[in-house]
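One-letter residues, chain by chain:
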Amino acid sequence: MLTRDEQGREKCVACEMCSTACPADCIRIVANDSGDAWKDNFENREKHPIVFEIDELRCIFCGMCVEACPEDAIDMTDMHNLADYTRQDFIYDKERLLGVYDEYIKRHPDHAKRRDGEFKAMKNSSYFSVVSVENAKKPGGH
Ligand code: SF4
Ligand code: SF4
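The structure presented is a predicted model; accordingly, all values stated were derived computationally and were not measured.

Caption draft 1: Region of interest: the site of ligand 2. In the region of ligand 2, 13 residues are neighbours, and Cys12, Cys15, Glu16, Cys18 and Cys69 sit closest. Tallied by class, the residues present in the shell around ligand 2 amount to 12 nonpolar, no polar and 1 charged.

Caption draft 2: Quick look at the side chain of Asp72. Of note, Asp72 is situated in the loop between α2 (64-68) and β3 (91-92). At 3.1 Å, the side chain of Asp72 forms a polar contact with the side chain of Lys11.

Caption draft 3: Spotlight on the sheet that holds strand β1 (residues 27-33). The strand order across the open sheet built from 3 strands is β1-β2-β3, with neighbouring strands paired in antiparallel fashion. The open sheet has two edge strands with one neighbour each: β1 and β3.

Caption draft 4: How the structure looks around the pattern of salt bridges. According to the stated counting rule, one finds 8 salt bridges in the structure shown. Here Asp102 makes a salt bridge to Arg4, at a shortest N to O gap of 2.8 Å. A residue pair is termed long-range when its members are at least 10 positions apart, and Asp102 in helix α3 (residues 94-107) and Arg4 in the segment before α1 (17-21) qualify at 98 residues. You can call Asp102 partly exposed: its relative accessible area is 31%. Within the structure, one salt-bridge network assembled from shared partners comprises Asp5, Arg9 and Arg45.

Conventions used here
- Residues numbered from 1 in each chain as written.
- Chains lettered and ligands numbered in written order.
- Predicted model: local features only at pLDDT ≥ 70, side-chain atom pairs only at ≥ 80, totals over all residues.
- Heavy atoms only, no water.
- Near = heavy atom within 4 Å.
- Nonpolar A, V, L, I, M, F, W, Y, C, P; charged D, E, K, R; others polar.
- Helix = DSSP H or I, 4+ residues; strand = E, 2+ residues; numbered from the N terminus.
- Polar contact = N/O pair within 3.5 Å; in protein donor to acceptor, adjacent residues only side chain to side chain.
- Pairing = 2+ DSSP bridges.
- Salt bridge = Lys/Arg side-chain N within 4 Å of Asp/Glu carboxyl O.
- Buried < 20%, exposed > 50% of the residue type's maximum accessible area, 1.4 Å probe, protein only.

Structure follows, in structure tokens:
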């Protein structure tokens, strides 16, 4: 899914870090100037995506895009649809990916309260750390 900020705007700033990190090369982004849409007291985003597509037939659900995103703008969900009728139906465009977020938040309203700062603090603390990487190198380490 592509996530929204507290004002319902897409969080994505079209930096293309996710598509660069994606090993399956299945994310396509076309950036555009954000204009005044993101200029307020809290944000001043230069760009947003006018096209954001994920080819779900190529996606291997590795989560590298989620790890790479600096904005908490893309995430995995517990909602799956792995059957459809045409290949084109597996090209998830921006509206569809944002729609997944809208549905996800209906199912998990507590997650809508997640704020960017808290998310980044969580991501920095609970994902891979130097210590966990070093431990993994030890015999029998995890
Ligand atoms: S989860 Fe899918 S879209 Fe994201 S980096 Fe992995 S292959 Fe690419
Ligand atoms: S989803 Fe995240 S990493 Fe990908 S372009 Fe948008 S802001 Fe950048």
